[in-house]
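Here is how the chains run, residue by residue.
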Amino acid sequence: MTTGRRRGVLAIVTAVVLLALSAGVAFVVSDALGIRAEPAQQMTPAEPQAPAVAASVPPPTFTSIDAPDTVRMGAALDELTDAVDSAATTDGTATLAVAITGTADDDTYTLTGTPSALRIEAAGETGAVRGVYDLAAAIRAGTDVAAHLGETVTSKLPFRMVDLGAVGVEADPAEWEAGDNYSHVSGAFENAYLADAPYVDQSALAGDYDEWDAYLRHILALGYTAVAWNGFIEYVDFSTADGGVYPDGDPHIARAAALRAAFTPFWERAAELGVKIYLRTDMLALTPELDSYLEQHFGSDTENPELWKVYTDALDELYADVPAISGVLIRIGEGGSIYAEPGWDYYSALAVRSVTAVRTMLTSFLDAAEASGREVIFRTWSVGIGDVGDMHTDPASYHAVLDGIDSPNLIVSTKYTLGDFYSWLPLNETLETGDQRRIVEFQSRREFEAFGSFPNDLGPEFQWAMQTLLAANPHIEGIWTWTQDGGPWRAGPMTLYLQSGFWQLYELNTMTSVAIARDPDADLAAVDAAWARRYLSDDPATVSAVVAAMADSREAIREGLYIQAFAENRVFAVGLEPPPQMWLFEWDILTGDTATLDTISAIVGADGINEAIAQGDAAVAAAERMRDLVEETDAASWYDGAYEQLTDSLDYEVDVLGLLNSYRAMFLEAGRWHATLDPAAYDAWQQARDEFASAAAAHLDRYQGDVDHPAWNLTAAQLGVEHADRDLAMAWIARVLLALALAWLLIGMLSSRTRLVRRPGAAAARATWISATRPWRAAEASLGLDGLDRILLVVVPGALLVGTRAVQTSFLAPVQFAVTLGAWAVFAAVLLALLRGRSGRVIVATVGGVVVLRCTLTLASLSFTGPGGYWYGFWTDPLLRTTYITVAFALFLWTFVAAGWALAGRLGARRATGIVLTAAGAGLAVPAVIVGAAGLEQALTLWNDQLGLLPWGLARILGITTYLEIPDDTAWWAAAFGLVLGLVGLALALVPRRRARTPLVE
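The residue numbering used here restarts from 1 in each chain and proceeds along that chain's sequence as written. Thresholds applied to this predicted model are a pLDDT of at least 70 for local features of residues and 80 or more for the giving and counting of side-chain atom pairs; totals over whole chains, interfaces and linings are not thresholded and use all residues. Side-chain numbers here rest on the full set of heavy atoms in the structure, without hydrogens or water.

Caption draft 1: Structural detail: the confidence of the model for the chain. Across the chain, the average pLDDT comes to 93, with 97% of residues at 70 or higher. Per residue, pLDDT measures the predictor's confidence, with a range of 0 to 100. Whether two residues are in contact is decided by their heavy atoms, any of which lying within 4.5 Å being enough. Note on residues 995–1002: pLDDT under 50 across the span, and zero contacts to partners over four residues away in sequence or across chains.

Caption draft 2: Quick look at the sheet that holds strand E2 (residues 61–66). When DSSP finds two or more bridges between two strands, those strands count as paired. By the criteria applied, helices consist of DSSP H or I runs no shorter than four residues and strands consist of E runs no shorter than two, each listed in order from the N terminus. Taken together, the five strands give an open sheet; going across it, the order is E2-E3-E5-E4-E6, and neighbouring strands pair in mixed fashion. What marks the edges here is a single partner per strand, and that holds for E2 and strand E6 (152–153). Where helix H3 (residues 125–141) meets the sheet, its contacts fall on E2, strand E3 (93–100), strand E4 (109–114), strand E5 (117–122) and E6, and the angle it forms with E5 comes to roughly 145°. Convention adopted: a line fitted to C-alpha atoms gives each axis, helices being fitted over their contacting stretch, and angles between N-to-C directions are expressed from 0 to 180 degrees.

Caption draft 3: Inspection of the packing of helix H23 (residues 762–773) against helix H27 (residues 840–862) at higher detail. Running from N to C, H23 and H27 point in directions that differ by 85°, and their axes come no closer than 7 Å. Considering their axes alone, H23 and H27 lie roughly perpendicular with respect to each other. Two secondary-structure elements touch here, H23 through Ala-767, Thr-768, Trp-769, Ser-771 and Ala-772 and H27 through Ala-845, Thr-846, Gly-849, Val-850 and Leu-853. Throughout this description, any angle smaller than 35 degrees is read as roughly parallel, any larger than 145 degrees as roughly antiparallel, any in the 65 to 115 degree range as roughly perpendicular, and the remainder as oblique.

Caption draft 4: Seen up close, the pattern of salt bridges. What counts as a salt bridge is simple: a side-chain nitrogen of Lys or Arg found within 4 Å of a carboxyl oxygen of Asp or Glu. The full count for this structure, using the stated rule, is 33 salt bridges. In this structure, the salt-bridge partner of Arg-627 is Asp-651, at a minimum N-O distance of 3.0 Å. You can see Arg-627 sitting in helix H18 (residues 609–631) and its partner Asp-651 sitting in helix H19 (residues 642–676), a full 24 residues away along the chain. A salt bridge links Glu-780 to Arg-777, with the shortest nitrogen-to-oxygen separation between them at 2.9 Å. Relative accessible area serves as the criterion here: at 24%, Arg-777 is assigned to the partly exposed category. When salt bridges that share partners are traced, they join Asp-78, Asp-213, Arg-217, Arg-269 and Glu-272 into one network. Partly exposed describes any residue whose relative accessible area lies between the buried limit of under 20% and the exposed limit of over 50%, with all areas from a 1.4 Å probe on protein chains only and scaled to the type maximum.

Caption draft 5: Looking closely at the nonpolar core. One finds Trp-212, Trp-229, Phe-263, Trp-267 and Tyr-311 to be the most contacted residues of the largest nonpolar core, which totals 175 residues. Looking at which element gives the most residues to this core, the answer is helix H5 (residues 202–222), with nine residues. Once residues within four sequence positions are removed from consideration, Trp-267 is found in contact with Trp-229, Tyr-235, Ile-277, Leu-279, Val-322, Ala-324 and Ile-325. Grouped together as the second largest cluster of nonpolar side chains are 68 residues, Phe-448, Phe-585, Trp-587 and Val-620 included. Take the buried Ala, Val, Leu, Ile, Met, Phe, Trp, Tyr and Cys residues and link them wherever side-chain atoms come within 4.5 Å; each set so joined is a nonpolar core.

Here you go:
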């Protein structure tokens, strides 16, 4: 076989190997993305009912009340008295007697006697108190206090917990006006915290205590029995840990003692009123000192029981000091700085990631709980983190974690939705399985549905869910209603439960959930009417109108804040299950990233776009119907300020849903254009873009700075629009550059066989073509180049690379531009420096030729509909994505193979390989060091903000590295790999060859 043929065969084999390796990379990328969708089984709640509401029944005046003189009974009687005093009028008189016949801790009671001589009989104080509260609730609802005479009333589910509400949270408009604070920290009691000893402002704390007492009385009247109290690590000093966590004199010790002393009266007051307190904490909960201690003693191994003993011993000490605490509530699925109190060094880390770690943790806490008579509430919320990331949604994973952990002191808490608190999600099937005691989580102020600022009656959905779950799982014994918590506290409206804003709007869901927990078959229309009577109006016509309006509330939410064709599917990507509302990522952020919007567009499909837009129109119409129903009532029949609050809320909803519908039309039409190349779709996109721009400007003008109805965050959407605006222009630039690149390649091909090579610049084109495709001839092809050819040898590939990367990023991503070109510049500089002037044109011709080929591929993909179309194909078409990555990555690898091959003829294979490896290592290491020094999360955030590939809100919530589980030190590992690669290359390039030994001649 001739040398030329041997080289040809080797080139073919090399190409096949590179393509095979690249295809493997492409399949790995596609598998890692794992983008797919499947229909989701929807909940099927009954249609909301809106019957005519009768006039209120005036309560009697109680002339005599005979009841035990206890703290709990006193609070209940205060509520009864206040209910009567708040009634518009009374009718007649009555007496009330309360008889307790035992010590049962059950809220069952019997109402006996006559309408004018009521008697509550119960086997324990809990039931007697409940009976009094129910009389007060009937009065506030405008119903007859004697309606249940002769009946025994009991509650289906005894455990009914709420969050901490907004106790101790100051309503400071300045903290809400910017609307971009996505911290999940409530700021509760910040007004009473001091940086230094004595650590607590007793005067401020006294005001917080009054709020706490009012909150306890309120939730008891509604029917709740427990509170999840945020905090744990700040109350303990870990003095029982071997050697101690904090050194003597450390302020953590004194602060823990001060905070325990400050809040013990709060917890004791709850116990007096019959309310259980559970300390709510993430694990691992940390301080810098504790983190260091755990690392030093246990390597921070969360599978080590001794690590957990540090926590359980501290908790036992707290239990002994404060008997009023009933237990601890643990979450492992979220954490980090987003939950850290500003100015404090208490924080949490996502460190409990394996099945063994979770089981070890629970076993440790449960052993301690059984010994102390406390309970452990474990949340299954795990949001895709680690090996237990699907524990919340996958029954098999749930069983793997919890099977065999059957302590009677364990309560497992799970959201009722198969995911977070979104609409369109299936019922959480993990709640139908397991042998543990279970409670169901429910959110009143739906964070993903405008933070409760829109009417949103969730009663029918939650009732259907609870009826279904109770029929399937006899171990469900309670609920946990979030009255206020969930999501960022200061990025939405300044509504603080019982404190500020129109919190009464989402109070309906708090009332509904406890009514369903007590009676799963509760009359929800009656609950709606009771809510309206308590907070809005006592006029029956007005109440009827409000109940009718609330019946439309779910259509407005489900169709306006979601895109049905996408939301009714379970979508999977990067090993996670994104929520059904991805175009709002998250809360009030309209996303503008290509990954989300292109995926939604593809799932909706070109044929489904018109229907999706029509559903958005229907949502606006539903909100307008609600507003019309309210505006047709007599404004004078409403309680002071209530009419304005509800109409303002509905005006706000109509505006927001109109804004969102213009945005959905815009990005769906963009998707249609990318998918079909139809000019009509582009025209429709332009029209929708103009409508969105107008709606956005009007929305911002009207609501910017309004803390009750805050403007939505349009930053990401506007960044996306800026990119989309340039797509057509970028496509045309790409076409021009592609034509020039193809012309350069064609000249190079023809010049090798025709007289065209004598034309100016043709020799340079020939040199790059031959060097890129047959690098063993690079030296030959680079001979005889004149001055113009030598200039073009550098300028054409360089300019094409710069132009291609600029077009690919729409001239809007300087970080991507700088990193990409910087890496190539370092590679080229090191390569030329090592060659020291020898074979310079050879390497320039070879690398430049491959660069032209790679740019041609990229420009071809950009030439259809610009960068938007490029990314649309990448995210939505697996075949296109795999093919593109295969060819592009093969050409990338070929750059280095061809460079080495071109140099091998002059330098030898070993030295040539070493020089190329050294340059490649430098090209990797230098940018990696810069990224590492800047911070990987910060670099990725800036990069993503400019490119708009992933949700803009991702970095503002969990962080890109956390969400995608990218180790923080990845950039430094890349730099280290580049350094090792460079050192290996230097060794190969600089170590001299061994000279052959000369044999001795005798």
